[in-house]
Amino acid sequence: MKTITLPDGRTLTYELIRKRVKNVNFRAKDDGIVYVSANSRVSVKEVERFLTERADFFFGAFERLRAREKRSEINTETVNWLGLEYPVRIIHNARELAVLDETECRVFTRLGGDSEYVLSLIQRAVAERFAALCTELNAEVRTELERRGLTPPPTRITIKDMSSRWGSCSYTKGHISINIRLAAYPRETVLSVFWHEYAHYRYHDHSKAFYDFLLDMYPDYYKYNDLLKEK
Ligand SMILES: [Zn+2]
């Protein structure tokens, strides 16, 4: 990741990924970073000149992405939970609580008019269920490791809201972070992220050995993890 200062004082952060691509590709993402892929013949200077010339375009794109995210955040009609969409039903009573059950999400509130408030109740309900799910999946991974004669490393799990990654593993600290946004995806997809992060305890890169181990442990890895690439 690198940040450049534009002639007008604004700063623009980009990440250059070297790939065997014919053209230089630029992609602004909602984390406010421009992801650039280019082959090794394209110099950093050329990339930065292009970024500088097209800066207004990228700032505009960040703006649009943020606006889109904000709009989707205010959706209080449906809840996406483990790959399914649940309708939201507002029930006027003072419990100030959302309950996500098998068929719908019931929101008990007297302040139903305020969508941001309703959303916060829904998010709390989702976060609670997701935390329980993560405890379950973590135990599942650890049991499987043991069954195969491998010692599961001591691990603390933290659930976080992250904009650019689904999970991360600090293998030196014994700490795995899982993105709360995974709550919208199927259970198997969340499990695939758990396996991915656990595999990083053995392999600190994305080498072939890493994926061989990952696929051996969780053969359906691609089937479910690929769902995360569609976004
Ligand atoms: Zn990884």
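See the structure shown above.
A quick note: this is a predicted structure, and the numbers were derived from the prediction, not measured.

A. Structural view of the sheet that holds strand β11 (residues 175–179). Read from one edge to the other, the open sheet built from three strands follows the order β9-β11-β10, with strand pairing classed as mixed. Every interior strand has two partners, whereas the edge strands, β9 (156–160) and β10 (167–170), have only one. Between one strand axis and the next, the sheet turns through 15° on average, direction left out of account. Bridge count for β10 against β11 is four bridges, and the pairing is antiparallel. The residue bridging Ser170 from the neighbouring strand is His175, located in β11. Strand contacts of helix α3 (residues 115–147): β9 and β11, with the helix running at about 145° to β9, the strand carrying the most contacts.

B. Quick peek at the environment of Pro153. Tracing the sequence through the fold places Pro153 in the loop between α3 and β9. Among the residues examined, Pro153 registers a relative accessible area of 21% and is labelled partly exposed. Excluding anything up to four places from it in sequence, Pro153 contacts Arg142, Tyr198 and Tyr201.

C. Representation of the nonpolar core in the model. Judged by nonpolar contacts, the single largest core of 41 residues is most densely connected at Cys105, Val107, Ile122, Phe130, Ile178, Phe194 and Trp195. If you tally residues by element for this core, the top one is α3, at eleven residues. Counting 15 residues, the second-largest nonpolar core is a separate cluster that includes Ala28, Ala38, Val47 and Phe58.

D. Quick look at the sheet that holds strand β8 (residues 105–108). With respect to topology, four strands assemble into an open sheet ordered β5-β6-β8-β7, the strand pairing being mixed. The sheet is open, and its two borders are formed by β5 (78–81) and β7 (97–100), each paired with just one other strand. Averaged over neighbouring strand pairs, the angle between their axes works out to 25° when direction is ignored. As paired elements, strand β6 (residues 84–91) and β8 share four bridges and run parallel to each other. Its bridge partner lying in β8, Ile90 is registered against Val107. Where α3 meets the sheet, its contacts fall on β5, β6, β7 and β8, and the angle it forms with β7 comes to roughly 45°.

Quick notes on the rules
- Residues numbered from 1 in each chain as written.
- Predicted model: local features only at pLDDT ≥ 70, side-chain atom pairs only at ≥ 80, totals over all residues.
- Heavy atoms only, no water.
- Pairing = 2+ DSSP bridges.
- Helix = DSSP H or I, 4+ residues; strand = E, 2+ residues; numbered from the N terminus.
- Axes fitted to C-alpha atoms, helices over the stretch in contact; angles between N-to-C directions.
- Contact = heavy atoms within 4.5 Å.
- Buried < 20%, exposed > 50% of the residue type's maximum accessible area, 1.4 Å probe, protein only.
- Core = buried A, V, L, I, M, F, W, Y, C linked by side-chain atoms within 4.5 Å.

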